[in-house]
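Residue-level structure breakdown
Each chain is listed here by its residues.
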Amino acid sequence: MDKIFWYYCRSSMQQLGWFCGNLLKAFSERAQVLQRIVINVFDEVKEEWSRDNTSNPSQVMALRACGFIVFRQLAQSSPPPDNIEYLLLQTSYGKHHWTPPKGHVDPGEDDLTTALRETQEEAGLGEEHLQVVDGFLQELHYEVRGRPKTVLYWLAELRDPKMAVTLSKEHQDYRWAKLEEACSLAQHKDLQDTLRAAQQHLDTEQGKH
Ligand SMILES: Nc1nc2c(ncn2[C@@H]2O[C@H](COP(=O)(O)OP(=O)(O)OP(=O)(O)OP(=O)(O)OC[C@H]3O[C@@H](n4cnc5c(=O)[nH]c(N)nc54)[C@H](O)[C@@H]3O)[C@@H](O)[C@H]2O)c(=O)[nH]1
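As named in an unreviewed UniProt entry, the protein is Bis(5'-nucleosyl)-tetraphosphatase [asymmetrical], taken from Salmo trutta. Under the Sequence similarities (unreviewed entry) heading, UniProt states for the protein: "Belongs to the Nudix hydrolase family."

In structure tokens form, the structure reads like this:
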């Protein structure tokens, strides 16, 4: 009797163990599936969020810089427009690129104040030395190290064409260049177009007088 009882007890325990084992296995498989679903949803949300916040240029705050296309007219030279020369500065850092005087807008500063301040700092030419030309303002948009940048250029004539340019540490050289040479130094198409637009504007203005 004892033997039969213990036999049934043992086999019932074995069946119960088998049942519990299978139940746990099924549960852990389901738990794993559930875990995988949660991870996938989390990854998709994370990817969507980072796409929206980093890859979309409109969501990234654009850099803003302002400056002047400064030109001078040589009196004892050929007639306009061949007597017009544009000022370009060559950076002392990076790839030593050439641009007109310009720089980043400080917090709270208005654009024209930035353009005047940067022209003073980078070329030693103050507001009193410049005659700002009416009706010319160009806006350029390009990317610098993956960040959108907006640059505004006004146009101004150097009142005294013989006045010396004084560079800051940011630049290693400067050039007074006629349109074609200025465009070849400028390299970037948008800046070349801006220089050509300046020349066109001056031609039109001179045609009126
Ligand atoms: N050591 C070091 N330091 C740097 C460097 N970089 C900056 N610093 C420091 O920043 C201070 C300057 O501060 P500000 O004066 O206030 O600013 P910005 O006047 O705005 O001057 P940036 O040079 O920052 O900006 P971009 O001229 O815009 O050149 C950036 C990139 O854009 C290309 N690029 C230029 N123009 C055009 C265009 O018209 N069209 C197109 N499509 N592309 C154009 C160009 O080829 C270049 O690859 C310096 O004191 C340094 O401390 C660098 O590489 N190494």
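There is more to say after this.
1. With respect to the site of the ligand
Neighbouring the ligand are 19 residues, the closest being Tyr93, Lys102, Tyr142, Lys149 and Asp190. Taking Tyr93, its side chain carries an N or O atom lying 2.4 Å from an oxygen atom of the ligand. Across the shell around the ligand, the residue classes break down as 6 nonpolar, 6 polar and 7 charged.

2. What to know about the nonpolar core
Of all hydrophobic cores here, the largest spans 23 residues; its most connected members are Ile69, Phe71, Tyr86, Leu155, Leu195 and Leu202. Here this core takes 5 residues from helix α3 (residues 179-186), the largest share from any one element. Not counting residues up to four positions away in its chain, the partners in contact with Leu155 are Phe68, Ile69, Phe71, Gln131, Val132, Val133, Phe136, Ala198, His201 and Leu202. Counting residues in hydrophobic clusters, the runner-up holds 16 residues, among them Leu125, Leu152, Ala156 and Trp176.

Rules behind the numbers
Residue positions are given per chain, counted from 1 along the sequence in the order it is written. Whole-chain, interface and lining totals are the exception, using all residues; otherwise, since this is a predicted model, local features are given only for residues with pLDDT of at least 70 and side-chain atom pairs are given and counted only at 80 or more. In computing side-chain values, all of the structure's heavy atoms are included and hydrogens and water are not. UniProt positions are given in the numbering used here, feature names are shortened, and annotations may be inferred rather than shown by experiment. When at least one non-hydrogen atom of a residue lies within 4 Å of a molecule or strand, that residue is treated as near it. Counted as a polar contact is a pair of N or O atoms within 3.5 Å, where, for protein atoms, one must be capable of donating a hydrogen and the other of accepting one, and residues adjacent in sequence contribute only when both atoms are in side chains. Each residue is assigned to one class: nonpolar for Ala, Val, Leu, Ile, Met, Phe, Trp, Tyr, Cys and Pro, charged for Asp, Glu, Lys and Arg, and polar for all the others, Gly among them. To form a nonpolar core, buried Ala, Val, Leu, Ile, Met, Phe, Trp, Tyr and Cys residues must be joined to one another through side-chain atoms within 4.5 Å. Three exposure classes are used, based on accessible area relative to the maximum for each residue type with a 1.4 Å probe and protein chains only: buried under 20%, partly exposed in between, and exposed over 50%. Secondary structure elements are taken from DSSP: a helix is a run of H or I of four residues or more, a strand is a run of E of two residues or more, and numbering for both begins at the N terminus. By the convention used here, residues are in contact when the closest approach between their heavy atoms is within 4.5 Å.

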